[in-house]
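# Close look at the chain arrangement
If you want the building blocks of each chain, they are given just below.
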Amino acid sequence: INAEYMGHFLSVYFFFDMALTYAAQTPAAVAELTRHNFHRIALDPNKTVLVLFYAPCHMPSVEFAPAYADLAVQLKPYTDVVVCRVDGERYPNFMSEFGVKSYLTLLLFPKREKKEVSRHKNLIIPYVGPRTIPHILDFVLSNNQLPGQLGIRHPDELPWVPCPPPFFFSPACCLVPLYEGRG
């Protein structure tokens, strides 16, 4: 072990520790969903609810956290929109209930009667576009309408804005891109 290796190890360790601490803290504009409040908040018929499924130790979730908090701040003037997140590691039952297969999944529960939402998954709109604030903001606002007026606008209809690929920590403690290109 030399000084250069030790310096690299410490910088990676402290970055990772800082990132986990940041992810564990819920930004003020983002509501943290738990088993006690998930159904009450997400299934509120008078609110459009955006839910992020994340994990505190999932590096793309950590990297996306500041942008998601920023998105929540931009949506704050819309009193009928709620921005939430749920820790998928702590509450895996919600992931299975709504068919979520991976972290960093965004689901939109539009404003409408949602009593039957567990049986009728088509009432939930998954977000499949780029993880950028303009795209997600447009997706939420274009789907924040009353039933009958719902004009779902798919993210592929929006202009493409390049964003850097997310990263994760590999077992070798180095940053490795997950994918290249659009996304």
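This text gives an overview of the structure that appears in the document. Owing to the predicted nature of the structure, the values given are computational and were not obtained by experimental measurement. (Residues numbered from 1 in each chain as written. Predicted model: local features only at pLDDT ≥ 70, side-chain atom pairs only at ≥ 80, totals over all residues. Heavy atoms only, no water.)

Looking only at helices and strands, the chain features 5 helices and 7 strands. In the chain, the order of α-helices and β-strands from amino to carboxyl end is α-β-α-β-α-β-α-β-β-α-β-β. Buried positions account for 43% of the 183 residues belonging to the chain. For the chain, the share of sequence-separated contacts (at least 6 apart) that also reach a separation of at least 24 residues comes to 68%. For the chain, the accessible surface area stands at approximately 10100 Å², while carbon and sulfur atoms represent 61% of it. (Helix = DSSP H or I, 4+ residues; strand = E, 2+ residues; numbered from the N terminus. Buried < 20%, exposed > 50% of the residue type's maximum accessible area, 1.4 Å probe, protein only. Contact = heavy atoms within 4.5 Å. Areas by Shrake-Rupley, 256 points an atom, 1.4 Å probe, with all protein chains shown as cover.)

Next up on the list: the pattern of salt bridges. Applying the stated rule across the entire model yields 2 salt bridges. Across the pair Arg85 and Glu32 runs a salt bridge whose closest N-O atoms are separated by 2.7 Å. Placement of Arg85 in strand S3 (residues 81-87) and of Glu32 in strand S1 (residues 31-33) is noted, with a sequence separation of 53 residues between them. Judged by relative accessible area, which is 4%, Arg85 ranks as buried. With a relative accessible area of 24%, Glu32 lands in the partly exposed category. (Salt bridge = Lys/Arg side-chain N within 4 Å of Asp/Glu carboxyl O.)

Moving on, we come to the packing of aromatic side chains. In the structure shown here, the tally under the stated rule is 7 aromatic pairs. An angle of 85° between the planes, with centres 6.4 Å apart, marks the rings of Phe38 and Phe109 as edge-to-face. Placement of the pair is Phe38 in helix H2 (residues 38-42) and Phe109 in strand S4 (residues 105-109), with a sequence separation of 71 residues. Residue Phe38 is classed as buried on the basis of its relative accessible area, which comes to 0%. Given a relative accessible area of 1%, Phe109 falls into the buried group. The structure contains a cluster of three or more aromatic residues connected by ring pairs, namely Phe38, Tyr91, Phe94, Phe98 and Phe109. Geometry around Tyr54 places Arg85 over its ring, the cationic atom sitting 4.3 Å from the centre. (Phe/Tyr/Trp six-rings, centres within 6.5 Å; stacked < 30°, edge-to-face > 60°. Lys NZ or Arg CZ within 6 Å of the ring centre and 35° of its normal.)

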